[in-house]
Amino acid sequence: MGRVINPDNVGKERTRLTRAIVLAIRELMNQTEPSNQTRDLAAFISLALTAVDDTIDISVTAWEKRGYWLKADRFRLEWDWARIMGENMRKALLVEDWALVAATTVRIAEKLSGVKVPQRHQLGTPWVGAWDKLKERP
């Protein structure tokens, strides 16, 4: 039996999530006042950053098996902000501190400034219903 190759690896998932976050940030910056869509967008950014953070350990496991400890640690440090910003966004959103949501969004946008979203992306609107999912999480 041959090797089973997973075409949907965590690197591709991380790329897809970061593109979706950039798209959500663009949409969030167009909001003039808080609404249900604003909550969905901010909640999606928080949940997506948490999902990005979850992919980091999976990515570095292969490097650690080969003894590339320094490379693994650098990669973890490079993406450590995702967990922190996702949690900050979640906390600000749950207390509806819109000034902190805006400030956190700007900091996330700075971190993801190099991410390019193609004009003909197939991401759709993944943030729809994210506020309800965020409220369900402990």
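To start, this report covers the structure provided alongside it. This one's a predicted model, so the numbers in the text were calculated from it and none came from an experiment.

Within the largest apolar cluster, 36 residues are counted, with the highest numbers of intra-cluster contacts made by Ile 21, Phe 44, Ile 45, Leu 49, Trp 79, Trp 81 and Ile 108. Elements represented by at least two residues in this core include exactly helix H1 (10-29), helix H2 (36-65), helix H3 (69-94), helix H4 (98-111) and helix H5 (130-136). Counting residues per element, this core draws most heavily on H2, which supplies 11 residues.

In this section: the layout of surface pockets. Empty space within the largest pocket amounts to approximately 180 Å³. Every element with two or more residues in the lining of the largest pocket is listed here: H1 and H4. For the lining of the largest pocket, the element with the highest residue contribution is H4, accounting for four residues. Among the residues forming the lining of the largest pocket, the class breakdown is six nonpolar, four polar and one charged.

Let's shift gears to H2. A rise of 1.5 Å per residue sets the reference length of H2, with its 30 residues, at 44 Å; its end C-alpha atoms lie 45 Å apart and thus fit the reference within 8%. Gly 67 occupies a position one or two residues after H2 and carries a positive phi of about 90 degrees.

On to H1, then. Between its first and last C-alpha atoms H1 spans 28 Å; for 20 residues at 1.5 Å apiece the expected length is 28 Å, and the two agree. Within the span of H1, buried status applies to Arg 14, Leu 17, Thr 18, Ala 20, Ile 21, Val 22, Leu 23, Ala 24, Ile 25 and Leu 28.

As enumerated under the stated definition, the model contains three aromatic pairs in all. Seen from their ring centres, Trp 63 and Phe 75 are 5.2 Å apart, and the 90 degrees between their planes marks the pair as edge-to-face. Taken together, the residues span a long stretch of sequence, with Trp 63 in helix H2 and Phe 75 in helix H3 at a distance of 12 residues. Relative accessible area serves as the criterion here: at 15%, Phe 75 is assigned to the buried category. Centroid distance Trp 79 to Trp 81: 5.8 Å. Interplanar angle 25 degrees. Geometry classified as stacked. A single burial state applies to Trp 79 and to Trp 81, both of which are buried. Above the face of the Trp 79 ring, Arg 14 is positioned so that its terminal group lies 5.9 Å from the ring centre.

The rules behind these values
Residues numbered from 1 in each chain as written. Predicted model: local features only at pLDDT ≥ 70, side-chain atom pairs only at ≥ 80, totals over all residues. Heavy atoms only, no water. Core = buried A, V, L, I, M, F, W, Y, C linked by side-chain atoms within 4.5 Å. Buried < 20%, exposed > 50% of the residue type's maximum accessible area, 1.4 Å probe, protein only. Helix = DSSP H or I, 4+ residues; strand = E, 2+ residues; numbered from the N terminus. 1 Å grid on protein atoms, 1.4 Å probe; cavity = no way out; pocket = protein on both sides within 12 Å on 5 of 7 lines; lining within 4 Å. Points joined across faces, edges and corners; volume = space filled by probe spheres on them. Nonpolar A, V, L, I, M, F, W, Y, C, P; charged D, E, K, R; others polar. Expected span 1.5 Å × (residues − 1). Phe/Tyr/Trp six-rings, centres within 6.5 Å; stacked < 30°, edge-to-face > 60°. Lys NZ or Arg CZ within 6 Å of the ring centre and 35° of its normal.

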